[in-house]
Amino acid sequence: MTEPSPLLSRPGAVESAGLDAGVAAHYGEPLREQRALAAGTAVVDLSHRGVVTVSGPDRLSWLNTLSSQQLTSLAPGESTELLLLSVQGRIEFDARVIDDGATTWLIVEAAEAAPLAEFLARMRFMLRVEVADVSADWAVLGSVAAVPEWKDSVVWQDPWPNVSAGGYSYTAVPAEDHPGLERPWFEYLIPAAELDATVGERRLAGVLAAEALRVAAWRPRIGAETDHKTIPHELDLLRTAVHLSKGCYKGQETVARVHNLGHPPRRLVFLQLDGSQHTLPAAGSPVMLGERQVGAVTSVAQHFEMGPVALAVIKRSVAPDEILTVLDGDEPYPAVQEAIVAPDAGQVVGRQSGFLKGPRP
């Protein structure tokens, strides 16, 4: 949608800013909303998301040649995630992907929709595909539970944290213990003109609630955890967004080289912050090891059970047992780190043993 959400007129709504401008940060009770969202009894307004459609008989094979994901056999109703990379393997676009049998729907961050549609339109050549930015016509609603009343909608189900076909886990935590399992996630495409009526009397949670659950699930987000240098390995995105055995695409050489022979230079970590200050550091705050900056906070949230938590991207060389400090101005926040991307992730050629999960066929 190009205009602020009509749901901002609901009682108590406070508009968000930054990546989530245009929808409600909360409706007056952020932690209660978060509990309701986690329990599956509330939905979150994500109508600021961008939506790009690709139609035509060549749509899946064409997107397959451009992206990191294997899409040629994507079945109607099946959800996946793709990345479009630079020649250097850096993330340029990230899209949630769902195909309905006639159209491929790409759900993206608000700022990505127009540039993505423009890029795809330039790459059509003589293929039978049509690209459209339909963000003004469609809204997105998020939930941790399937909503039976919306079963006829196009719905994307987040593959995170499962390792998709052709993917690879860079996390040392056993698959059955990954915190992302506590956050199944669905995004429903709703005609924008029907958004208010579709929500009806259903309880709403703000994006602060959705972000807290995302951070706790270790789920990276483009525009938050990414910068101009980010490669997929640093965020554990080989898990859901990269197929390591598919054909050639832009950036594949870097993906393969780092995975097989090297290590990602940075790694995503989860931080449990000291909550005694009763405040939160700002995203972008430096992460310090003693007097040395070793990274930066990318997302911060107040979780209804864990208290203040954050995601950060730090140097790979930082030992996983180090106690770090987040520095917001003159305010220090001691932080215990939990490795999302393992320090020895990568360099799979010749690896004799280890805990990292191999690719699925």
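Predicted model only: the values in this text are computed from it and were never measured.

Scoring rules and cut-offs
Residues numbered from 1 in each chain as written. Predicted model: local features only at pLDDT ≥ 70, side-chain atom pairs only at ≥ 80, totals over all residues. Heavy atoms only, no water. Helix = DSSP H or I, 4+ residues; strand = E, 2+ residues; numbered from the N terminus. Rg over C-alpha atoms; globule rule 2.2 N^0.38 Å. Buried < 20%, exposed > 50% of the residue type's maximum accessible area, 1.4 Å probe, protein only. Contact = heavy atoms within 4.5 Å. Areas by Shrake-Rupley, 256 points an atom, 1.4 Å probe, with all protein chains shown as cover. Lys, Arg positive; Asp, Glu negative; His and termini not counted. Charge placed at Lys NZ, Arg CZ, Asp CG, Glu CD. UniProt positions renumbered as here; feature names shortened; annotations may be inferred. Phe/Tyr/Trp six-rings, centres within 6.5 Å; stacked < 30°, edge-to-face > 60°.

Chemist: Please clarify how the overall build of the chain should be interpreted in this entry.
Modeler: Looking only at helices and strands, the chain features 6 helices and 18 strands. Scaling as 2.2 N^0.38, a compact globule of 361 residues should have a C-alpha radius of gyration of about 21 Å, and the chain matches this with 20 Å. Taken along the three principal axes of its C-alpha coordinates, the chain extends 55 × 50 × 35 Å. A burial count over the chain gives 53% of its 361 residues as buried. When contacts within the chain are restricted to residue pairs at least 6 apart in sequence, those whose partners lie at least 24 apart make up 72%. For the chain, the accessible area works out to roughly 15,200 Å², and carbon and sulfur atoms hold 53% of it. One finds the centroid of the 30 positive side-chain charges in the chain at a distance of 6 Å from the centroid of its 45 negative side-chain charges.

Chemist: It is not clear to me how the UniProt feature "binding site: substrate" (unreviewed entry) in the chain should be interpreted in this structure. Could you clarify?
Modeler: With numbering matched to this structure, UniProt assigns "binding site: substrate" (unreviewed entry) to Glu187. Apart from residues lying up to four places away in sequence, glutamate 187 is in contact with Leu46, Arg49, Arg96, Ile107, Val140, Leu141, Val154, Val155 and Trp156.

Chemist: When you look at the packing of aromatic side chains in this model, what are you seeing that I'm missing?
Modeler: As enumerated under the stated definition, the model contains 4 aromatic pairs in all. Their ring planes at 75° and their centres at 5.0 Å tell us that tryptophan 105 and tryptophan 138 sit as a pair that is edge-to-face. With tryptophan 105 in strand 7 (residues 103-108) and tryptophan 138 in strand 9 (residues 138-143), this pair connects stretches of sequence that are 33 residues apart. With a relative accessible area of 8%, tryptophan 105 lands in the buried category. The class for tryptophan 138 is partly exposed, based on a relative accessible area of 23%. Relative to tyrosine 170, the ring of tyrosine 168 lies with its centre 5.9 Å away and its plane at 90°, an arrangement referred to as edge-to-face.

Chemist: I'm lost on the UniProt feature "domain: GCVT N-terminal" (unreviewed entry) in the chain in this one. Help?
Modeler: UniProt's entry tags residues 32-141 with the feature "domain: GCVT N-terminal" (unreviewed entry), counted in the numbering of this structure. End-to-end, the C-alpha atoms of residues 32-141 are 19 Å apart, and along that stretch the chain is 24% helix and 35% strand.

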